Amino acid sequence: MRVLVTGGAGFIGSNFIRYLLATHPDYLVRNFDLLTYAGNTQSLSDVASDRRYEFMKGDIADPVAVQEAMSGCDLVVNFAAESHVDRSIIDSSVFVRTNVVGVQVLLDAARDAGIARFLQVSTDEVYGSREEGSASESDALAPNSPYAASKASGDLLARSYFVTHKLPVLITRSTNNYGPYQFPEKLIPLFITRFLAGKEVPLYGDGGNVRDWLFVEDNCRALDVVLHAGIPGEIYNIAAANEMANTEVARTIVALCGADPGLIKHVPDRPGHDWRYSVLFEKVSRLGWVPVISFDAGLACTVAFYQERRDWWKSFQEETSYGVLPQ
Ligand code: NAD
Ligand code: TDX
């Protein structure tokens, strides 16, 4: 079985490739990634010489490169995306190119190549903000940021290829992931790396916004379950049942890093900032998956990673600024 993983040099993709190689010894994995600011081959340096692993640099919006990458593959898992909400507020053009056009190019190539299963990795943000209650897979989409709108568009395209072309598409919509190898622009790795460097951190608005934090390894297990046991044409929410306000997350990181709580600075709110994300995940649970990593254990492991692997995140710092955040 050969699996094409797109965006495998990013945060979740690199964790997923490591998980796949460890749990499916007979699988061959091809990682196709453009290596944007968020991609780093160092995130997979431990498997780079594994004969079952192969890296190809390329753009999912390039039909010729995608056709070549998909050749000989049985399964496709698409992680490739522009993934940061703040960047989509500054400039949404590359979000449409990768998250919409790129998905269309992948779907066409998968149809032509007769791919057995195509997993589109999506997000709970497509449901929009939930003041109360939790979204189920059949709820209407109400994306609020350009990022979320581009992901919702990708989902709708994927669904249409299942209906129209009978392409065996599966869609997952997970909550916020955290863990090792996450680019330090998202809340948790940004706060950890800045605290470790003795710098202030920007907490948007009053810090009351709520997210449901899922440890990346739990998500990788869920993606594996959906890829193999999910029903084509279906959508699966993936969540941790671990909803927390940003202030509470920040305070927990302060304690783990031994940082000064005075480093937390309230800054003006993100435009259109979704108040809360929350999804029901009975459907994936019926496939036998439940999250098992507690937030305390997952966060301790994450902080330890950033403490031990300063080489990994400092290499990013030298090459790129975080773009949109106060330094
Ligand atoms: P990431 O930004 O860390 O990684 C994205 C990867 O895609 C990078 O390696 C980048 O180089 C690559 N890429 C970008 N544009 C590309 C292109 N045109 N062609 C080929 N490769 C390209 O993202 P992540 O946090 O690992 O997220 C992975 C997927 O999971 C995304 O689709 C995202 O929408 C989704 N998701 C993420 C989260 C989260 O909390 N991080 C939650 C739910 C869903
Ligand atoms: O500096 C910050 N200060 C701050 O208060 C940053 C970066 C974030 N925040 C807040 C905004 C959100 O309420 O923290 C919360 C989490 O923000 P992000 O880490 O940017 O994640 P979010 O906007 O919730 O989106 C994430 O989850 C869903 C991922 O970036 C998406 O790729 C995924 O689809």
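Above this text sits the structure in question.
The rules we used
- Residues numbered from 1 in each chain as written.
- Chains lettered and ligands numbered in written order.
- Predicted model: local features only at pLDDT ≥ 70, side-chain atom pairs only at ≥ 80, totals over all residues.
- Heavy atoms only, no water.
- Axes fitted to C-alpha atoms, helices over the stretch in contact; angles between N-to-C directions.
- Helix = DSSP H or I, 4+ residues; strand = E, 2+ residues; numbered from the N terminus.
- Parallel < 35°, antiparallel > 145°, perpendicular 65-115°, else oblique.
- Left-handed = near helix turned anticlockwise from the far one by under 90°.
- Contact = heavy atoms within 4.5 Å.
- Nonpolar A, V, L, I, M, F, W, Y, C, P; charged D, E, K, R; others polar.
- Near = heavy atom within 4 Å.
- Polar contact = N/O pair within 3.5 Å; in protein donor to acceptor, adjacent residues only side chain to side chain.
- Areas by Shrake-Rupley, 256 points an atom, 1.4 Å probe, with all protein chains shown as cover.
- Core = buried A, V, L, I, M, F, W, Y, C linked by side-chain atoms within 4.5 Å.
- Buried < 20%, exposed > 50% of the residue type's maximum accessible area, 1.4 Å probe, protein only.
- Domains from an automatic or database assignment.

### As for the packing of helix α4 (residues 93–113) against helix α5 (residues 146–165)
- As a packed pair, α4 and α5 sit with axes 8 Å apart at the nearest point and diverge in direction by 15°. It follows that α4 is roughly parallel to α5 by the angle criterion. Between α4 and α5 lies a crossing whose hand is right-handed. Of the residues in α5, those touching α4 at F95, N99, V100, V103, Q104, L107, D108 and R111 are Y147, S150, K151, S153, G154, L157, A158, Y161 and H165.
- Taken together, the residues that form the contact of α4 with α5 break down as 8 nonpolar, 6 polar and 3 charged.

### Observations regarding the site of ligand 1
- Neighbouring ligand 1 are 28 residues, the closest being I12, D33, S83, Y147 and K151.
- Within the backbone of F11, an N or O atom sits 3.0 Å from an oxygen atom of ligand 1.
- Protein burial of ligand 1: of its 840 Å² of free accessible surface, 97% is covered by the chains.
- Those elements giving two or more residues to the shell around ligand 1 turn out to be α1 (11–23), β5 (117–123) and α5.
- For the shell around ligand 1, the element with the highest residue contribution is β5, accounting for 3 residues.
- Grouping the amino acids of the shell around ligand 1 by side-chain chemistry returns 12 nonpolar, 13 polar and 3 charged.

### Digging into the nonpolar core
- Of all hydrophobic cores here, the largest spans 64 residues; its most connected members are F16 and M70.
- Counting residues per element, this core draws most heavily on α1, at 7 residues.
- Residues in contact with M70, not counting those within four places in the same chain, are L4, R30, V76, L106, A109, A110, A113 and I115.
- Judged by nonpolar contacts, the second largest core, of 31 residues, contains Y178, A250, I253 and W312.

### Regarding the environment of V121
- Within the secondary structure, V121 sits in strand β5.
- The spacing of V121 and E200 is 79 residues in sequence and 33 Å in space, taken between C-alpha atoms.
- With residues near it in sequence (within four places) discarded, V121 still touches V77, N78, F79, K151, T172 and L223.

### A short note on the site of ligand 2
- Taken together, 23 residues lie near ligand 2, and E125, Y147, R211, R270 and H273 sit nearest.
- Here an oxygen atom of ligand 2 and a side-chain polar atom of N176 are 2.9 Å apart.
- In isolation ligand 2 offers 650 Å² of accessible surface; the protein chains occlude 94% of this area.
- Residues belonging to the shell around ligand 2 are distributed by class as follows: 10 nonpolar, 7 polar and 6 charged.
- Composition of the shell around ligand 2 by domain shows at least three residues from each of domain 1 (2–177 + 215–238) and domain 2 (180–211 + 241–272 + 293–319).

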